[in-house]
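# Coordinate inspection notes
Spelled out from the first residue to the last, the chains are:
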Amino acid sequence: MIHIEPTLNDTQVMQFIHNGYIMLERIVDADFNCDCQSVPGGHLSDFVCTDEFRRNVLLHPGVAGVARSLLGEDFLVPTSAHHHLFEAAHLGQTWHSDGLTERGYGITHLQCYYYPKAVKIEDGPTMILPGSHHRLVDREAIAHYGDILGQLSLTVPAGTVAMTRYGIWHKAGPKLNADRRGMIKFSYFRTAMPQRDWARDSDEMPPYQHAGRHAYVTEVESYRDRRRGELTWRWLCGLAEVEEPLPPVQMFNSGIPLSEILLR
Ligand SMILES: O=C(O)CCC(=O)C(=O)O
Ligand SMILES: [Fe+2]
């Protein structure tokens, strides 16, 4: 079986719980980024199942190391993806979360955005709202929001992968030019209950450290974020009483267990 070392430590896992994303800038090799310049928009399956895509992106030690840390040893590796390709200028999408966003405290699904080409502000970067993955809402209820304090435009260098908690609020930002802007989106899933699957600083489990308020969060909601964060931390450390369906129930759910992959 391909061996993937976990790359996150206790502190980084707590940061992920709080923020709902991790950015890996310039993680994918420049030559492979160039190979992605002609990939068509829309659903992708054959391309993401090639050894090249697996080696350079899905099983890259830096990318898969985060999946290993947050989803455990034999996670599902994506076998399909969606290429969000924009060329013409547009006004931008509305705030939303995708698909059947999960309930519960466990982390069972990581949704990733891979940018083969650098994204500047005028290219219509993806925008995310850090911390919003805790707020499960009706999609239509947030669509009318404009700018939100603390929102982040993912202006990134080529080869960047953002790894997000599935429920995070996001949208494609306004695009001012006619240049190609691509983002290949794919998901990893958990297959087994967690047991503090990352690189441990020590065998003693540290208590959850709440990193404080996000810019748009008031006192009471911040208290809720702290409690939700603690519950997720305990769940990831294997202390939860609550079992979740694994892999999680999704509208789409395609992946191959890491243990079944052979690279030539
Ligand atoms: O392309 C992007 O930046 C985001 C696209 C997106 O979130 C969607 O279409 O669901
Ligand atoms: Fe989306």
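Above this text sits the structure in question.
I will try to describe carefully the structure that is included in this document. (Residues numbered from 1 in each chain as written. Chains lettered and ligands numbered in written order. Predicted model: local features only at pLDDT ≥ 70, side-chain atom pairs only at ≥ 80, totals over all residues.)

## Quick notes on the overall build of the protein
Secondary structure summary: the protein contains six helices and 11 strands in total. Computed over the C-alpha atoms, the radius of gyration of the protein is 18 Å, within 12% of the 18 Å expected from 2.2 N^0.38 for a compact globule of 264 residues. Out of the 264 residues belonging to the protein, those deemed buried represent 40%. Counting only contacts in the protein whose residues sit at least 6 apart along the sequence, the fraction spanning at least 24 positions is 92%. (Helix = DSSP H or I, 4+ residues; strand = E, 2+ residues; numbered from the N terminus. Rg over C-alpha atoms; globule rule 2.2 N^0.38 Å. Buried ≥ 20, exposed ≤ 12 C-beta atoms within 10 Å, placed from the backbone. Contact = placed C-beta atoms within 7 Å.)

## Describing the site of ligand 1
Taken together, the residues surrounding ligand 1 are H84, D98, T126, H170, A172 and M183. Its residues assigned to classes, the shell around ligand 1 comprises two nonpolar, three polar and one charged. (Near = placed C-beta within 6 Å. Nonpolar A, V, L, I, M, F, W, Y, C, P; charged D, E, K, R; others polar.)

## Some points on the nonpolar core
Grouped together as the largest cluster of nonpolar side chains are 53 residues, with contacts concentrated most on A67, Y114 and M163. For this core, the element with the highest residue contribution is helix α4 (residues 61–71), accounting for six residues. Ignoring any residue separated from it by four or fewer positions in sequence, one finds Y114 in contact with V28, V57, V161, M183 and I184. (Core = buried A, V, L, I, M, F, W, Y, C linked by C-beta atoms within 7 Å.)

## Thoughts on the packing of helix α1 (residues 10–19) against helix α6 (residues 219–236)
The N-to-C vectors of α1 and α6 enclose an angle of 135 degrees; their axes lie 10 Å apart at closest approach. Viewed along their axes, α1 and α6 adopt a mutual orientation that is oblique. α1 and α6 meet at a crossing whose hand is right-handed. In this structure, α1 uses V13, M14, I17 and H18 to contact α6, whose residues at the interface are G229, T232, W233 and L236. By residue class, the composition of the contact of α1 with α6 is five nonpolar, three polar and no charged. (Axes fitted to C-alpha atoms, helices over the stretch in contact; angles between N-to-C directions. Parallel < 35°, antiparallel > 145°, perpendicular 65-115°, else oblique. Left-handed = near helix turned anticlockwise from the far one by under 90°.)

## Structural notes on the sheet that holds strand β6 (residues 126–128)
Here we have three strands laid out as an open sheet, ordered β7-β6-β9, and antiparallel in their pairing. The open sheet has two edge strands, β7 (152–153) and β9 (170–172), and neither has a second partner. Bridging between β6 and β7 involves two bridges; their strand directions are antiparallel. Within β7, the position partnered with I128 by the bridge is L152. (Pairing = 2+ DSSP bridges.)

## A word on α4
Across the 11 residues of α4, eight count as buried, placing the element largely inside the fold. Buried within α4 we find V63, A64, V66, A67, R68, S69, L70 and L71. Tucked into the core, α4 has its buried residues touching α1, β1 (21–24), α3 (51–58), β5 (109–115), β8 (160–165) and β10 (181–189). Where α4 terminates, the next one or two residues include G72, which has phi positive at roughly 90 degrees.

## Description of the pairing of strand β4 (residues 81–86)
Bridge count between strand β2 (residues 42–44) and β4: three bridges; the pairing is antiparallel. Across the sheet, the residue bridging to L44 is A81, located in β4. As paired strands, β4 and β10 are joined by five bridges and run antiparallel to one another. Paired with L85 across the strands is G182, a residue of β10.

## Quick word on the environment of G150
By the secondary structure assignment, G150 is in the loop between α5 (139–142) and β7. The exposure class assigned to G150 is partly exposed, which follows from the 15 C-beta atoms found within 10 Å. Not counting residues within four places of it along the chain, the set of residues in contact with G150 comprises L129, P130, H214, A215 and Y216.

## Section: the environment of A192
Within the fold, A192 resides in the loop between β10 and α6. By C-beta crowding, A192 is classed as partly exposed, having 13 other C-beta atoms within 10 Å. Distance in space between the C-alpha atoms of A192 and W235 is 12 Å, their sequence separation being 43 residues. Residues in contact with A192, not counting those within four places in the same chain, are G72, D74 and L246.

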